[in-house]
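Working through the structure, step by step
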Amino acid sequence: MKTVSLTIDGKAIKAPEGQKVLWAALDNGIYIPNLCAIRKASEPYAGCRLCFVEIEGRNGPVTSCTEPVAEGMVVNTQGPRSRRLARTALELLLASHPVDCAHCAKNRSCELQKLCSLLGVKLNTRRFRKLVHNLPIDSSCPNFTYNPNKCVLCSRCVWTCRERYGVGVLGFAHRGFDRVVTTFEDKPIAESGCRVCDECIEVCPVGALVFKDGRKGTPGCAEVKSKTATS
Amino acid sequence: MTVIASQDIASTFQNIRDHALSRWQELWDGSKPIIMVSAATCGRSAGALEVLEAVKDELSRGQQDVQVMEVGCMGHCYAEPLVIIKKPGNPTVVYGYITPEKARRLVKDYIQGEDISPEFALGALEENELIPSIYDLPRFKHEKYILLENIGRIDPEDIDQYIAKGGYEALANALQMQPEDIIEEVRKSGLRGRGGAGFSTAQKWEVCRSSPGKIKYLICNADEGDPGAFMDRAILESDPHSVIEGMLIAAYTIGARHGYIYVRAEYPLAVHRAEIALEQAEGLGLLGKNILGSSFSFDIKPFQGSGAFVCGEETALIASLEGKPGLPHHRPPFPATSGLNGKPTVINNVKTLAYVPPIIRNGADWFASIGTEKSKGTAVFALAGKVVNTGLTEVPMGTTLRQIIFDVGGGIPKGRRFKAVQIGGPSGGCLPESALDMPIDFDSLKEVGAMMGSGGMVVLDEDDCMVEVARYFLEFTQRESCGKCTMCRLGTRQMLSMLEDFTCGRGQMQDLETLKELAEDVRIGSLCGLGRTSPNPVLTTMRYFRDEYKAHIEEKRCPALMCHDLIAYYILPEKCERSCDACVGTCTVEAISSNKQRVKVIDQAKCVKCGTCLTACPLQYNAVIKLSPPDKVPAAKG
Ligand SMILES: Cc1cc2nc3c(=O)[nH]c(=O)nc-3n(C[C@H](O)[C@H](O)[C@H](O)COP(=O)(O)O)c2cc1C
Ligand code: SF4
Ligand code: SF4
Ligand code: FES
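Below you will find a few notes about this structure. (Residues numbered from 1 in each chain as written. Chains lettered and ligands numbered in written order. Predicted model: local features only at pLDDT ≥ 70, side-chain atom pairs only at ≥ 80, totals over all residues. Heavy atoms only, no water.)

1. Focus: the packing of aromatic side chains
- Summed over all chains, the structure comprises 16 aromatic pairs over all chains.
- Ring geometry for tryptophan 24 of chain B and tryptophan 28 of chain B: centres 5.1 Å apart, planes at 10°, overall stacked. Highlighted residues: tryptophan 24 of chain B and tryptophan 28 of chain B, both in helix α1 (residues 6–28), separated by 4 residues, approximately one helical turn.
- Their ring planes at 70° and their centres at 4.9 Å tell us that tyrosine 135 of chain B and phenylalanine 140 of chain B sit as a pair that is edge-to-face.
- Three or more aromatic residues link up through ring pairs in this structure, and these residues are Tyr135, Phe140 and Tyr145 of chain B.
- Taking the ring centre of tyrosine 267 of chain B as reference, the NZ or CZ of arginine 233 of chain B above it sits at 5.7 Å.
- Taking NZ or CZ as reference, arginine 493 of chain B lies 4.4 Å from the ring centre of phenylalanine 177 of chain A, over its face. (Phe/Tyr/Trp six-rings, centres within 6.5 Å; stacked < 30°, edge-to-face > 60°. Helix = DSSP H or I, 4+ residues; strand = E, 2+ residues; numbered from the N terminus. Lys NZ or Arg CZ within 6 Å of the ring centre and 35° of its normal.)

Written out as structure tokens, the structure is:
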């Protein structure tokens, strides 16, 4: 495969042509905030709005999960403008997240916590108003619970579930602020054909989908477990 | 696609046109009077169908042979229902504000009698001695009709009338041209997309045409989700063939075999008219296989969208056409390289496509001679709000807001003062008086923080609160956000919540700073245009009307006396007429009582601020007023 040379944060990097900047950076030990990127997915979801970087010659910050590498490209992952956007996106997520880490199964392996320390944002940030949902928690499956109030709508579980079984048990419903990951007709997951493969729990970056026995999912799950990892 | 048998195309079309022309002449220059009723959706909601019924009923009582025609929207929505009468030997006259009774009188007095009824006339379409010409109205000094040319003048359900007016001639010409030459012609015309962003149409076509692959698609975007905009609907309902012809030329140019008209499901009449038009075009060999005997084949299917605002965004629209949830995705890839089913797809707005036939017919130079340096042609606006003549208007790019609002629109009703104009709907901006003399085009609007958008133009006067206006539009966008991306889903919600607090008097000055920062981030950081343009109403009102925001926050005062929580109703004792009780009985919560001097007093604790008393108080007393902040109400004595 053809490779291109580029620079990320001053580091010279070679990456396969067509690869997105986000993966090129991650593969070279440079972390860019991200929640919704799925390496195997054919199209970037581009929903979390955390992975902004600045690229020389561009007007404004771009999302690195959608931006293909290019020969001679110069990328800055820590520019003030991209960092400002990432912080705002994170603070928006936190403002609509019931932050209760002490009682959360995801404590210490939660991506939100990691992003907070990286971006210098307080978990209980007060910049925005607290606007949380109060939806019922689904404990219908024997080994995991789903708390939609903690979901950041990254789409990873939905993608994973659909990828594995064709027709997904999990999907999105409603629009705007009410958008939610749920099952067909809002039935409990256990009654919706869930085969308890546990993969969605593995990929959930936050405490929305967690094992009942306290087992941790895969931390830093940007890779999303995949049998045949491609670019 | 090779150009074959030019003469064949030309002569095939000539036959079609001859037939159409002779039918038109028979109709228009014949001895029968013609009564046209403007019955597009806007006319119908004003009662056009009842008028049509009355006309037919009254005619059925007489013996006369009269041609009755349903035509589309003439743009003069303020004067709907409209009736146009052409009586042989007399000028063609447009009558406005027609009720069924007036329609009967017109039939009796004018069709059956000789009274041309000037009292109902808006004006005549030709110079004459009896009725002043409609073109003497001040609006026609500024208006220039390209898209609205046929609208309200022809029967949209009769293809021959469109053809008689020059329709499909551009198609016949185009089919004898090389696609590259058509692109060149469109490029020279300077045509930019009317779907909002003003992207070069030629460039879009060129990219799609030169993208690899045999299968290409053309989509006409008639989603028109912007509340208050209805020009695309009016064009489809009143002159559907102009859009179809534009689609045909575009499809021929890019090499598309299949096309779709994506119409919102709330536009049943537009869908119906489009279907009839498609059928008639196909019947004449202007659509379908081997069009006009050429090797070019193209079909068009109407598709009814779900009506979500975001489905007007091109990537969401395509997803919805593919049967998937109507969610936007990141661009690039742009549809022109990878669109419907992953194939190169041109998606153009209704108006963009409808400009194409006149451009081909009259030449690029003609089109480029209208408008400003970078925005060619005309702009169509739907005037609404606090303006006398609501309705559609078409003016050259570069016309000023003052000319549109005051000359075309007839100014602000009831002698109120102009305050602002919101252009481009929820994605657009709110411009103050100082912008009135700015020639408007794609670029000038962008510079001042607004955008052409779909062309909605809402005029606001001194009684409109700018904070409330921003809140209103943001409530719309946050409701219509698809929720896919964080910035828009949560950002618009947070902005809305701050604006709600301002209008309720709960805001803090520091919120203003947070709001501005967040608005900037949502503008840059959202995935699609819905999120990216959603802060425009907030940013422009904050920029041009900062004092109003400050008044709401620091003084809990709404200067326009509009925000419910920040006002109180008060009866001025010196103005209250003691012998009058008009307000007392109208108050549904019995908050008004008479004091010892029989002066009426509102019990603020009971008052629900419905405003009934203000309306009830007779004009000559005018004793009920609104006060803001509410604590300005003097303490009740005794
Ligand atoms: C939220 C949103 C809604 C839109 N709605 C419409 C619409 O109703 N009609 C339209 O023609 N374009 C709409 N657009 C613009 C389209 O994405 C696209 O740019 C346009 O159809 C291209 O046509 P044009 O090149 O002729 O302007 C919308 C864009 C956004 C972001
Ligand atoms: S439940 Fe978890 S994995 Fe699924 S969308 Fe929400 S945050 Fe993402
Ligand atoms: S900007 Fe709004 S409408 Fe567009 S993708 Fe994001 S959430 Fe959806
Ligand atoms: S938007 Fe790029 S990782 Fe989520």
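2. Quick notes on the site of ligand 2
- The environment of ligand 2 is made up of 13 residues, and the closest members are Cys151, Cys154, Ser155, Cys157 and Cys204 of chain A.
- Here the shell around ligand 2 is built from residues that sort into 12 nonpolar, 1 polar and no charged. (Near = heavy atom within 4 Å. Nonpolar A, V, L, I, M, F, W, Y, C, P; charged D, E, K, R; others polar.)

3. Quick notes on helix α3 (residues 48–61) of chain B
All names here are of chain B.
- With 14 residues, α3 should reach 20 Å at 1.5 Å per residue; the first-to-last C-alpha distance of 20 Å fits that figure.
- Those residues of α3 not exposed but buried are Ala48, Val51, Leu52, Ala54, Val55, Glu58 and Leu59. Across the axial projection of α3, the buried residues extend over an arc of 160°, all falling on one side. Along α3, the residues that are exposed and aim more than 90 degrees away from the buried face are Ser60 and Arg61.
- Its buried side turned inward, α3 meets β1 (34–38), α2 (41–45), β2 (67–71), β3 (83–86) and α4 (100–111). (Expected span 1.5 Å × (residues − 1). Buried < 20%, exposed > 50% of the residue type's maximum accessible area, 1.4 Å probe, protein only. Arc of directions from axis to C-beta. Contact = heavy atoms within 4.5 Å.)

4. Side note on the pattern of salt bridges
Residues and elements named next belong to chain B.
- Overall, the coordinates contain 45 salt bridges over all chains when judged by the stated rule.
- In this structure, arginine 105 and glutamate 119 form a salt bridge, with 3.4 Å as the shortest nitrogen-oxygen distance. Separated by 14 residues along the polypeptide, arginine 105 in helix α4 and glutamate 119 in the loop between α4 and β5 (121–124) bring together distant segments of the chain.
- On the basis of relative accessibility, which here comes to 41%, the residue arginine 105 falls in the partly exposed class.
- Taking the shortest distance from any N to any O, the salt bridge between lysine 386 and aspartate 461 comes out at 3.1 Å. Of this pair, lysine 386 sits in the loop between β10 (378–385) and β11 (391–396) while aspartate 461 sits in strand β14 (residues 456–461), placing them 75 residues apart in sequence. (Salt bridge = Lys/Arg side-chain N within 4 Å of Asp/Glu carboxyl O.)

5. Remarks on helix α2 (residues 80–95) of chain A
- Taking 1.5 Å per residue, 16 residues should reach 22 Å; α2 of chain A reaches 22 Å between its end C-alpha atoms and fits that length.
- Burial of α2 of chain A is extensive: 12 of the 16 residues sit out of reach of the surface.
- Of all the positions in α2 of chain A, only Ser82, Arg83, Leu85, Ala86, Thr88, Ala89, Leu90, Glu91, Leu92, Leu93, Leu94 and Ala95 of chain A are classed as buried.
- Buried positions along α2 of chain A lie against β3 (52–55), β5 (74–76) and α3 (111–119) of chain A together with α18 (486–504) and α19 (509–525) of chain B.

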